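Listed below are the residues making up each chain.
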Amino acid sequence: MTTPLNAESAPVTTGRSATPIILDSNGYAGPGGTQQSPLLDGLNPQQKEAVEYRGQALLIIAGAGSGKTSVLTRRVASLLETRDAWPSQILAITFTNKAAAEMRERVHAILGQGSDGMWISTFHSSCVRILRREAEKIGLSSTFSIYDSADTKVTLKRIIKGLDADTYGFTPGSAGAKISKLKNELADADSYARNANMSDPQEVMFVEIFRQYQARLRAASALDFDDLIGETVYLFRAFPKVAALYRRRFRHLLVDEYQDTNHAQYALVHELTRPVTPELAQEMEDDGVHVRNLRDASGAIPGASLTVVGDSDQSIYAFRGADTRNISGFERDYPGARVILLEQNYRSTQNILSAANAVIGHNFDRTDKKLWSAGGDGEKIVGFTAYSGHDEAQFVSDEIQVLHAAGMAYRDMAVFYRTNAQTRALEEILVRSATPYRVVGGTKFYERAEIKDALAYLIAVANPVDELALRRILNTPKRGIGPATETGLSSFADDNELTFRQAMRNSAALGLGPKVTGAILELAELLDAAALMLVPTSVTDDGVPVGGANVSEVLEFLLNGSGLLAGLRNSRDPQDEVRAENIEELVAQTKDFNKENPDGGLVDFLTQVSLVAAADDLDDASGTVSLMTLHTAKGLEYEAVFLTGVEEGLLPHQMSANEPGGPAEERRLFYVGITRARKRLYLSLAMTRAQFGDINVAMPSRYLQEIPADLIDWKQSPGMANSRGGTQPRALNARRDGGFGGFGNSLGTGSNDGYGGRSSYGTSKQPVGLPPGKPKTEWANKITGTVRDNGGLELQAGDRIRHHDFGEGRVNQVTGEGTKRIAHVQFDTAGAKKLLIKIAPIEKI
DNA sequence: TTACAGGTGCTTTTT
DNA sequence: GCACCTGTAA
């Protein structure tokens, strides 16, 4: 379950009066006396200073595993304990809702008292909260919808179709990415148009797409993810008095993961920490807003104190507009800022840290920072080169079982990968080995079609002008309302300046068939009736409305009235049974929501659902292995980490190659992955990887050779590359003394015998490796021409073969063409495998 | 209007 | 390998 939305705290206009102690020129006054606060127990000197420092601006450079969360939490607790702040004066911004919930809990645990009124949430949640309050000021309904990327895509698709913009090469994806990027820079269609080369028809078209997109969102009273930040900045800039109220309220701002803030978020932080001018402060006072005890000698309200925590080495969201200059320019932006470095690592063994340091050291243009641990070297990193993605998954699964047998809980293990597509092979194998696992993020629950359908009903009730939601449910379940009718309704609405919903109510005027008209009216009435359910039946003396239906009641009413659930239940498609169960799960979630948020309304529920992050649905209590992308892994830690797919093209990813700073960002991603591990780290790669349904040969990642050889114990090494040929990435940190086959080498010559490097078994002292030089001779004998197809090996069903590792087996079938011919082999002991004939270590017998 | 068949293109990461 | 799109038949 996700983090409950906090009950709304007191509105700013009635906020409690503030404590006068905001600034302390000497830093920290201390909680009195010589006694050290228990808050500082077990902290090192740098951490202590980070907790106790009092001043306008503080930058904490926190290396991975340096106790950042603990410091941040204690700092908040300390601010409260020393009476430097009331809870309601604190705004702490975290990266995920989960981190926010954790922080809230820990502050509560430390202080044992209410942290009520404190805002601990993500950038997006905080902004929604502000925007819902101030919505009418910027021409929005307070029940505005929040569009996710899928909603954006659908909207853009319609616009592009309407403009025939695909002839200019625009796709919903490309246009969406560009718009998002601009919004992160706080640009809008007009400002973009002013600077664009408008003699370029493509630019003109883009501006038009951008304009129409914005207009559609407006008409639907909707904001996309980027707008949530951008519109809040706009609100503060356009309405100084509104901004002043929030500046007055939030006296202490704390921002986690500052290296991942984009320009819009940076601007937001700036707006919130700006001083209130004497004139404005006076105006507020005249309006009856209590500010006197906050004003300084000049009559102004000084800017709030700002604490940011970050680590540029862990910046992995540049593709989303994150700009590390925000962190590197902090001292320039906030003159007199204090900078504290946390370098001692409390998480990982020294071997893991040494690997991490070595890797990240290859990024230039960074302030050198070396993590160190007092915890000893620990185990070596385990390396494994698999034959295929499935083989790799098998290795991971086997090792998980070994660790588990040795007493490690499943929940303490995690498997990381670069792309979501890699889960397929992993899941297949984990299911087969009955390993309990869960995919964190991935295809998220709320992104499933049936869930989006059900939610669209709720959105249509909460925000009646949202055309997107209405059109989604118009013919779901099937009501005989086809695309022709849908566009008919839409243009009818446009022509008569009606909303889509009003057009539905007036559908009789369209002259459609009685059946279709009836279906449209029935849906409109259902939604109207649901909206009525929400209206409170009475009001208490304090003005609190009572009697309105809660979220689950409305949802169940809609599901029954629309027949959505019944339709799935009665379907003969077995998949629909699962979909029905998912909807039941959603109903259960609304009931949980009611319980956890007695005051929460429909809009609150929808907001919470819109803003869940991948990492939020992590349930620490579940005894399962966690599978997730490297991006999702940030901020988490595990006893044992499997970092899979450490291959060229995957890590670094192919797509990053053209982007400026791409390879460096990929390296940081690798670094983030490594530093998640506490005790055991496994790096694995595959020599072939299935992609887009066919199989490709993969190369070991360049980052592997950046790790000192003595830190890795290769169970199966990719082998030593290549002294001849020379175009391929060079030797990995395989042991130099052994005679490894040349994985990279043989690729370089356009051929491959498969398991060049299989001869090494890491710590094994047996001379299993081929003598140096011998492999070369062997290849020299075998290689004829540029491409060798495993010596021209022809296989057909029925043939017996011998495999280097799997032993003997029988070929059941041969599929594919040319270099991608695949033998489906039933091995006598190793089971069924698919092998790429060209490179598999096999011979016919 | 719906259902289905066949073709196409695609994946980096996410609030 | 799959999701999505398009075109066709009922």
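Residues numbered from 1 in each chain as written. Chains lettered and ligands numbered in written order. Predicted model: local features only at pLDDT ≥ 70, side-chain atom pairs only at ≥ 80, totals over all residues. Heavy atoms only, no water.

### Some details on the sheet that holds strand E10 (residues 413-417)
Strand order in the open sheet formed by seven strands is E11-E14-E10-E15-E16-E9-E19, with parallel pairing between adjacent strands. At either margin of the open sheet sits one strand with a lone partner, and together these are strand E11 (437-439) and strand E19 (712-716). Averaged over all pairs of adjacent strands, the angle between strand axes in this sheet comes to 20°, irrespective of strand direction. Note that strand E9 (residues 381-386) and E19 share four bridges and pair parallel. In the strand pairing of E19, Val382 is matched with Asp713. Contacting E9 and strand E16 (677-686), helix H15 (residues 350-360) runs over the sheet at an angle of about 55° to E16. Relative to the sheet, helix H16 (residues 389-405) contacts E9, E10, strand E14 (625-629), strand E15 (638-643) and E16, its axis offset from that of E16 by approximately 155°. (Pairing = 2+ DSSP bridges. Helix = DSSP H or I, 4+ residues; strand = E, 2+ residues; numbered from the N terminus. Axes fitted to C-alpha atoms, helices over the stretch in contact; angles between N-to-C directions. Contact = heavy atoms within 4.5 Å.)

### Focus on the protein's contact with DNA strand C
Close contacts around DNA strand C come from Lys157, Arg424, Phe692 and Gly693, and that covers them all. Among all atoms of DNA strand C positioned within 4 Å of the protein, those belonging to sugar or phosphate total 45%. In this structure, Phe692 approaches DNA strand C through a main-chain N or O atom, which is 3.2 Å from a base oxygen. For the surface near DNA strand C, the per-class residue count stands at one nonpolar, one polar and two charged. (Near = heavy atom within 4 Å. Polar contact = N/O pair within 3.5 Å; in protein donor to acceptor, adjacent residues only side chain to side chain. Nonpolar A, V, L, I, M, F, W, Y, C, P; charged D, E, K, R; others polar.)

### Examining the pairing of strand E6 (residues 252-255)
Side chains of E6 alternate between two faces, with His252 and Leu254 and Leu253 and Val255 buried alike. Where E6 meets strand E7 (residues 305-310), four bridges bridge the pair, whose relative direction is parallel. Counterpart to His252 in the pairing with E7 is Ser305. (Buried < 20%, exposed > 50% of the residue type's maximum accessible area, 1.4 Å probe, protein only.)

### Remarks on helix H4 (residues 123-134)
Since one α-helical turn is 3.6 residues long, residues separated by three or four positions face the same way. Taking 1.5 Å per residue as the helical rise, H4 with its twelve residues ought to reach 16 Å, and the 17 Å between its terminal C-alpha atoms agrees with that figure. Taken together, the buried positions of H4 are occupied by Phe123, Ser125, Ser126, Cys127, Val128, Arg129, Ile130, Leu131, Arg132 and Glu134. (Expected span 1.5 Å × (residues − 1).)

### Quick look at the domain arrangement of chain A
As assigned here, chain A comprises domain 1 (40-136 + 228-342), domain 2 (145-220), domain 3 (350-442 + 619-720), domain 4 (446-536 + 547-615) and domain 5 (799-844). Contacts between the two partners involve eight residues from domain 1 and, on the opposite side, six residues from domain 4. Regarding the contact of domain 1 and domain 4, the summed buried area is about 510 Å², with carbon and sulfur atoms giving 67% of it. By the criterion of area lost to domain 4, the three top residues of domain 1 are Thr96, Asn97 and Arg132, representing 56% of everything that side buries. Viewed at the interface, domain 4 and domain 1 are joined by zero salt bridges. Where domain 1 touches domain 4, the interface holds two residue pairs in polar contact (both at pLDDT 80 or more). At the level of secondary structure, the elements contributing two or more residues to the side of domain 1 that touches domain 4 comprise helix H3 (97-111) and H4. (Domains from an automatic or database assignment. Buried area = accessible area lost by both parts, 1.4 Å probe. Salt bridge = Lys/Arg side-chain N within 4 Å of Asp/Glu carboxyl O.)

### Description of the UniProt feature "binding site: ATP" (unreviewed entry) in chain A
Sites flagged by UniProt as "binding site: ATP" (unreviewed entry) map to Ala62, Gly63, Ala64, Gly65, Ser66, Gly67, Lys68 and Thr69. Along the chain, the position of Gly65 falls in the loop between strand E1 (57-62) and helix H2 (68-81). Apart from residues lying up to four places away in sequence, Gly65 is in contact with Gln344, Asn345, Tyr346 and Arg347. With respect to the element layout, Ser66 can be found in the loop between E1 and H2. Residue contacts for Ser66: discarding those within four places in its chain leaves Gln47, Leu342, Gln344, Asn345 and Tyr346. (UniProt positions renumbered as here; feature names shortened; annotations may be inferred.)

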